[in-house]
Amino acid sequence: MPLDVNKRRQLLEIFREEAVEGLRVISRSLIACEQADSPEARKQAHDEVRRHLHSLKGSAAAVGLMELQALMHELETFLGPTSPEDGRQVDIALAAVETAEAWLQRGVAGEAISAEEVSAARQALTAPATAPAKAAASPPPAVAAPAPVASPVVAPAATSAAAPAALEPGREGGASPAPTVQEVAVAAAAPALMRVATERLDDLLGKGEELVVAGARLRPQVQRLADLAAEIEAVLFEVRRAERARRRGGERGGNDGTPLTAWRERLTEIKKRLTGSRFEVAADHERLSTLTTTLLDAVRVMRMLPVGEVLESYERAVRELARDQGKNVRMVVQCGDVRLDKRVLDAVRAPLLHLVRNAVAHGMETPSERLTAGKPPVGTLLLSSETRGNRVAIEVCDDGRGVDVDAVRRAATERGLVPAAAVASLSAADSLNLIFHPGLSTRREADTAAGRGVGLSVVYETMVQLRGDVRVTTTAGGGTIFSLLLPLTLAATRGLLVAVGGEVFALPVPSVERVLRVAATDVHRLQGRETIDDGLGPMPLVELASLLQRVSTADKRGRRAAVVVITADGRLALLVDKILDEHEIIMRDLPGGLSHIDVLAGGTLLEDGRVVPALNVDGLLRAAAARPVAATVAKADSRRIVVADDSPTTRSLIAGEVEAAGFVPLAAADGQQALQLLDDNDAVALISDVQMPNLDGLGLVRAVRANPRIKDLPVVLVTSRDSEVDRQLGAQAGADAYLIKKEITGERLLGVLGQLLRRSGRAT
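What counts as what
- Residues numbered from 1 in each chain as written.
- Predicted model: local features only at pLDDT ≥ 70, side-chain atom pairs only at ≥ 80, totals over all residues.
- Heavy atoms only, no water.
- Helix = DSSP H or I, 4+ residues; strand = E, 2+ residues; numbered from the N terminus.
- Areas by Shrake-Rupley, 256 points an atom, 1.4 Å probe, with all protein chains shown as cover.
- Buried < 20%, exposed > 50% of the residue type's maximum accessible area, 1.4 Å probe, protein only.
- Polar contact = N/O pair within 3.5 Å; in protein donor to acceptor, adjacent residues only side chain to side chain.
- Salt bridge = Lys/Arg side-chain N within 4 Å of Asp/Glu carboxyl O.
- Phe/Tyr/Trp six-rings, centres within 6.5 Å; stacked < 30°, edge-to-face > 60°.

Peer 1: I would appreciate a short explanation of the overall build of the protein in the present structure.
Peer 2: A count of helices and strands for the protein gives 24 helices and 23 strands. Carbon and sulfur atoms provide 54% of the accessible area of the protein, an area that totals close to 37,800 Å².

What follows is the structure, given as structure tokens:
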């Protein structure tokens, strides 16, 4: 009996889920056959392949996808009863799996597979393993192979073109094509299904039924409140009528003697009933809130997917790219049961794929190069994940040649990212971070695997969007580790509301370690910074208002409220004006004009309609670390010069020149910090960049000229903006000199500075 359309569609969706998982296991098991170090392990992997092939063959026939069923049958015959030991045989089998993935998408979408495509696929599997299989003349699938199979779901077909061409294995001469950013983004953003265990659905159903019961309990209470409101209105009507009667009686000199006692008793009774209803409504509201929170938590748990499934899916891409480049790479996955929100996991697929391909293309050596370096000929690529507090860390670690830091510096100089004069002062960490700049690559020529400097910038940009972080460490000849720190979820979370400068901000509760009260005697200065010790060791203490460019309204005479936050980089105590409450908050992205503000993670809407900024704890930690350290001046007559620049490299270079000339440099990362330093110190000059966060150089100069105490201070603007209009803007703001960074030398800077100091009488 033929199935109706709706029933068949449901069956196809179920089969698609089964097939995606089955093809993923087949692909991994084929690679395991090739890499097995014992006959027993090889046989076990081969048995897994045959079991899933047989199951998929029967299921495909049951839902009417006969072409896919035929392909599974041919692949089963091709592999035979014994496990493949020839890499060429594995190549052909993996190519058939790619074809099956494409046919699966098309079959579920209702697209036909032509007889020519079926014939070409069969020919590829029936031809001798020593002869490359010839594919039909149709284009390959539009979606890159590794991405769709990585997930427990499959996106609908992107085009009607099938993938018999994918049956052509082992392309010679050159690396396998790298999936573009657009292709991976399309694959990640496509509509998808999720597998949900029946017991979890039953649990959700039970909680939903409880919500219905709780809602039903509110209906009679609402009716009782309406009845009470009607009774109150009736009493008010009697009162108004009595007042009118009294006025008329007063005019006649009489009194109607209205029984006020009866009204009082009636209102007292209404009050009692209203109080009882209020307690009932409050109890049911609490019950509803608890059920809603529990339901949301259950849904969040359902959305959490194993990180290992994504990492394991890259095995085929690693194998193919390594073979194409003449390398031998073994991929190892260590994840345990670490899980991430599906939205986070989908967003990080592309960055991870870039890092994996980058490790093989850039990091790994050929077998001969590894033997020469005293390493085993087979390289190891370790993909791991672990939970760190309220975050998940995913690491891509290779034991290859490591990043050539000097090559990164040269490439950055050639592309104008860093002035040639500043390169020598860059630390190894700063140099490594340059690889995340768009367009930077240490390769002289780009190929299909790497070399255009796009992938790592995509990694960085994605981490910013996810409110995560990316770090890199490397050892010359010892390998490289890329670490991605990701939030567990982008959904609702608990937020601690704090008042700062008359405004309300939200701190994510998972990042809050504790709340305490701080007295002035608890504060100590360590290496120029204020710290406190809560028994777990000293940690920086910072006024949150200062990090947010606000003015604190707290009474600073007694103990003050402080929130201790913790990240992967350490702990920080934030002084706040007041701790308000803890709320469920739903994070929303910031508008484009605010997305660059590091201390903000997003915004949330409270129950009363207020929009509250949510703070980024990592950004707060970075902002606190960037604050200028209180300067310790050895001599009372030391001449101080404030140096303001948001670039640590430029700031350090200028400060070094100033210090070498006998001045005391006071460094600031933006105009706001520079103003604070000018207020706290008797500086003889100001050297400032123009483009800075919070308060730019032009605004800083205008603020200096508007301050009677420092309005005559010599000001030098040092910037990369060299147009005549920019020079005029600097002059209009009140700058005494305008120097271009690419043209500046130490002698010229100090010469201009000396002239201005002599002119202002501050030369000595």
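Moving on, there is more to tell.
Peer 1: Can you walk me through the side chain of Asp91 in this structure?
Peer 2: In this fold, Asp91 is placed in helix α4 (residues 87–108). Asp91 sits in the buried class, given a relative accessible area of 8%. A distance of 2.8 Å separates polar atoms of two side chains, one belonging to Asp91 and the other to Arg319. A polar atom in the side chain of Asp91 sits 2.7 Å from the side chain of Arg323.

Peer 1: Please clarify how the pattern of salt bridges should be interpreted in this entry.
Peer 2: A full pass over the atoms with the stated rule returns 30 salt bridges. With its nearest N and O atoms 3.3 Å apart, the salt bridge here joins Arg28 to Glu312. Placement of the pair is Arg28 in helix α1 (residues 5–35) and Glu312 in helix α10 (residues 307–312), with a sequence separation of 284 residues. Judged by its relative accessible area of 33%, Arg28 falls in the partly exposed class. Between Lys711 and Asp712 there is a salt bridge, and its shortest N-O distance comes to 3.6 Å. Using a relative accessible area of 39% as the deciding quantity, one classes Lys711 as partly exposed.

Peer 1: Even after reading the chapter, I still don't get the packing of aromatic side chains, so can you show me in this structure?
Peer 2: Given two aromatic rings, their pairing is described by the distance between the two centres and the angle made by the two planes. Per the stated rule, a full pass over the model turns up two aromatic pairs. Here Phe436 and Tyr460 contribute two aromatic rings whose centre-to-centre distance is 6.3 Å and whose plane-to-plane angle is 35°, an arrangement assigned as tilted. Placement of the pair is Phe436 in the loop between α16 (428–433) and α17 (455–465) and Tyr460 in helix α17, with a sequence separation of 24 residues. For Phe436, a relative accessible area of 7% translates into the label buried. A relative accessible area of 43% places Tyr460 in the partly exposed class. Their ring planes at 85° and their centres at 6.3 Å tell us that Phe436 and Phe482 sit as a pair that is edge-to-face. Of this pair, Phe436 sits in the loop between α16 and α17 while Phe482 sits in strand β7 (residues 479–487); the two residues are 46 residues apart in sequence, bridging distant segments of the chain. In this structure, Phe436 and Phe482 share a single accessibility class: buried. Among the aromatic residues, those joined into a cluster by ring pairs are Phe436, Tyr460 and Phe482.

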